[in-house]
Amino acid sequence: MLWLACALLAIGSDAAHAAEWDLVVRHALIVDGTGKPAVPGELAVRGGRIAALGSTVAGAGTREIDAGGLVLAPGFVDVHTHAEDILRGPDAVNFVRMGVTTVIVGNCGASLLDVAGFFRDLESAHPAINVGTLVGHNAVRGQVMGSSFMRPPTDDELAKMRGLLEKAMRDGAMGLSSGLIYLPGKYAQTEELIDLAKVAARHHGLYASHVRDEQAGLPEALQEAFRIGREAGLPVELSHLKLSGNLIQEQPAETVAALDRAKAAGLTTQVVEALAAARRSGLRVTQDLYGYSSTYGFLERLLPKALQGETPEALGKRLADPATRTQLAADMKAELLAAGRTDYSHVVLVNPRRYRSLKNLGVPEATRQRRGTDSLDAQIDLMLGILQNGGATIILYEMSEDELRPLLQLPETMIASDSGAFQGSGELRHPRNYGSAARILARYVRTEKLLPLPEAVRKMTSLPATTFQIKDRGELRVGAWADLVIFDPATVQDRSTYAAPNQPATGFRAVIVNGVVAAENDAQTTGRGGRPVRRGQ
Ligand SMILES: [Zn+2]
């Protein structure tokens, strides 16, 4: 009997032991997000937070994951997204499957205005990942100025804009975002932005900007962002920092002869120096970028700069007038030839609104199909025709990895996808949506060895979390939220390509959000543990 009592006691004690942790990750290589070298270790989760972390963790978990020596890191924090649509697609497959556990939405000036309402909706939608938001300048400006926006606001309008921003900041927005190539923000003067950024500054938010020029005018555009940060007194985040434009060409090889490499390299050096000088002056400046040498945008982007940002109606009117149209075509042709190009083979039509048969074709190929010739005049005419018929999104191959790499290596650069939330299928888009984080680990860490693994992880975890004041995330330490990713550094891989962009990344043993397993062995689970993320909370 005594023996039986002892055995029961032992069982009882085992049972108590088993309940000690909700989840334990064993045999992991811990990369904690701070940039420190990897160390072998184990981690335990209780109540959605990291409860124990060390070379070993005593006591069993209700659930145990043997990492088998794979990397255990904080879940990735993607600060530049357009995932407001996560309410419609709460599984956020593209993010979960590449290890992203927190996103910031409301970038490039476009956001929801009712932040409190958005957070309430998120709470009931139970997304798979955590979501925070910026307040968009274009959203605020559009709400107050309506269709009369090609001018500075009146004092009264500016006061109303301040009021909307003030409320959003109180409700937990991370700061003010701007998109100064888009409507109506394009018509805002620097003073207006400084005035509004002061509201964000009072709430200790930041200013995130899609600057006015990402081409040859980038150095000047950066100066405007710095001035706003300096005069409003808040940190500046440069969104999807890149040097693009006609003078920077990567492929195809036959056009390389036209490259003005020295000019592009000089611009890159100028940008790196401008960033360093701003930081030396005491300004807090950070930047995010995606690791691809192509961009995604609208066909309008190929028009002469003066015509970008016109309303669709104004542009339609212009194109309907034969003389204006002829002049416009001549201007586009001159601009292209001056850049050393002979055609638009660097442009792929992704989703033409009306000409659906041209989906995913390069402009010369699309023109051949439609017009039976791919002469430059016919290419331009086709593009103007598409613009008159609802427009199209495009992928532009006009960046170079030579320009990307030095920016990627800067210690203040974080990785972001510039993506919406997707469910595993849908329209063709840019491969960064499904591949961004994984591509950094595969291409720039493993293949090119451009970044050490702990540094790449820091750029995707503690750096973004600290910059955007996301509390208790982005770092593996006791007390932090259990946002975790376990991946194999030898096999982690982005699978999305230009031809097939909707392919989730692979090499992820597990992705865990607030202690809830969201993906396992490269498959999404039904677990959705995401929460709203308010500034500083
Ligand atoms: Zn943008």
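Residues numbered from 1 in each chain as written. Predicted model: local features only at pLDDT ≥ 70, side-chain atom pairs only at ≥ 80, totals over all residues. Heavy atoms only, no water.

1. Description of the overall build of the protein
Per the secondary structure count, the protein includes 16 helices and 22 strands. Whereas a compact globule of 537 residues would reach a radius of gyration of roughly 24 Å, the protein reaches 25 Å, a difference of no more than 12%. Along the first, second and third principal axes, the C-alpha atoms of the protein reach 105 × 55 × 45 Å. Of the contacts formed within the protein by residues at least 6 apart in sequence, a portion of 76% connects residues at least 24 apart. Accessible surface, the protein as shown: approximately 20,600 Å² in total, 55% of it carbon and sulfur. For the protein, the distance from the average site of its 58 positive side-chain charges to the average site of its 60 negative ones is 2 Å. (Helix = DSSP H or I, 4+ residues; strand = E, 2+ residues; numbered from the N terminus. Rg over C-alpha atoms; globule rule 2.2 N^0.38 Å. Contact = heavy atoms within 4.5 Å. Areas by Shrake-Rupley, 256 points an atom, 1.4 Å probe, with all protein chains shown as cover. Lys, Arg positive; Asp, Glu negative; His and termini not counted. Charge placed at Lys NZ, Arg CZ, Asp CG, Glu CD.)

2. Considerations on the sheet that holds strand 7 (residues 100-105)
In space, the three strands of this open sheet follow the order 6-7-8, with parallel pairing throughout. A single partner strand is all that each edge strand has here, and the edge strands are strand 6 (76-78) and strand 8 (130-133). Geometrically, the sheet is characterised by an average inter-axis angle of 20° between neighbouring strands, direction not taken into account. Where strand 6 meets strand 7, three bridges bridge the pair, whose relative direction is parallel. (Pairing = 2+ DSSP bridges. Axes fitted to C-alpha atoms, helices over the stretch in contact; angles between N-to-C directions.)

3. Section: the pattern of salt bridges
On inspection of all chains with the given rule, the structure shows 37 salt bridges. Across the salt bridge formed by E520 and R63, the nearest N and O atoms sit 2.4 Å from each other. With E520 in strand 21 (residues 516-520) and R63 in strand 4 (residues 61-66), this pair connects stretches of sequence that are 457 residues apart. Overall, R63 belongs to the partly exposed group, its relative accessible area being 31%. Of the charged contacts in the structure, one is a salt bridge between E231 and R227, with a shortest N-O distance of 2.9 Å. Taken together, the residues span about one helical turn, with E231 and R227 both in helix 7 (residues 218-232) at a distance of four residues. According to the relative accessible area criterion, R227 is partly exposed, its value standing at 29%. Because the salt bridges share partners, they merge into one network encompassing E401, D402, R405, R439, R443 and E448. (Salt bridge = Lys/Arg side-chain N within 4 Å of Asp/Glu carboxyl O. Buried < 20%, exposed > 50% of the residue type's maximum accessible area, 1.4 Å probe, protein only.)

4. Examining the coordination of the zinc ion
At this site the zinc ion is bound by C108 (SG), H210 (ND1) and H240 (NE2), with donor distances of 2.1 to 2.2 Å. Site description for the zinc ion: donor spacing in sequence, C-x101-H-x29-H. Linking C108 in the loop between strand 7 and helix 3 (115-125) with H210 in strand 11 (residues 206-210), this pair joins segments that are 102 residues apart in sequence. Overall, C108 belongs to the buried group, its relative accessible area being 6%. We classify H210 as buried; its relative accessible area is 3%. (Donors = N, O, S within 2.8 Å, 3.2 Å for Na, K, Ca; no water.)

5. Quick word on helix 13 (residues 401-409)
What helix 13 keeps buried is the set E401, E403, L404, L407 and L408. For helix 13, the angular spread of the buried residues around the axis is 150°, confining them to a single face. (Arc of directions from axis to C-beta.)

6. Let's talk about the packing of helix 9 (residues 312-320) against helix 12 (residues 376-388)
Relative orientation of the contacting elements helix 9 and helix 12 amounts to 135°, with a least axis distance of 9 Å. Taken as axis vectors, helix 9 and helix 12 run oblique relative to one another. For the pair helix 9 and helix 12, the sense of crossing is left-handed. In this structure, helix 9 contributes L315, G316, L319 and A320 to the contact, and helix 12 contributes L384, L387 and Q388. Taken together, the residues of the contact of helix 9 with helix 12 break down into five nonpolar, two polar and no charged. (Parallel < 35°, antiparallel > 145°, perpendicular 65-115°, else oblique. Left-handed = near helix turned anticlockwise from the far one by under 90°. Nonpolar A, V, L, I, M, F, W, Y, C, P; charged D, E, K, R; others polar.)

7. A few points about the domain arrangement of the protein
Its domain assignment divides the protein into domain 1 (74-298 + 397-470) and domain 2 (300-393). Here the C-alpha centroids of domain 1 and domain 2 sit 27 Å apart. Contacts between domain 1 and domain 2 engage 22 residues on the former and 21 residues on the latter. Roughly 1,900 Å² is buried in total at the junction of domain 1 and domain 2, and carbon and sulfur atoms are behind 47% of that figure. Taken together, domain 1 and domain 2 are joined by zero salt bridges. Linking domain 1 to domain 2 there are four residue pairs in polar contact (both at pLDDT 80 or more). (Domains from an automatic or database assignment. Buried area = accessible area lost by both parts, 1.4 Å probe. Polar contact = N/O pair within 3.5 Å; in protein donor to acceptor, adjacent residues only side chain to side chain.)

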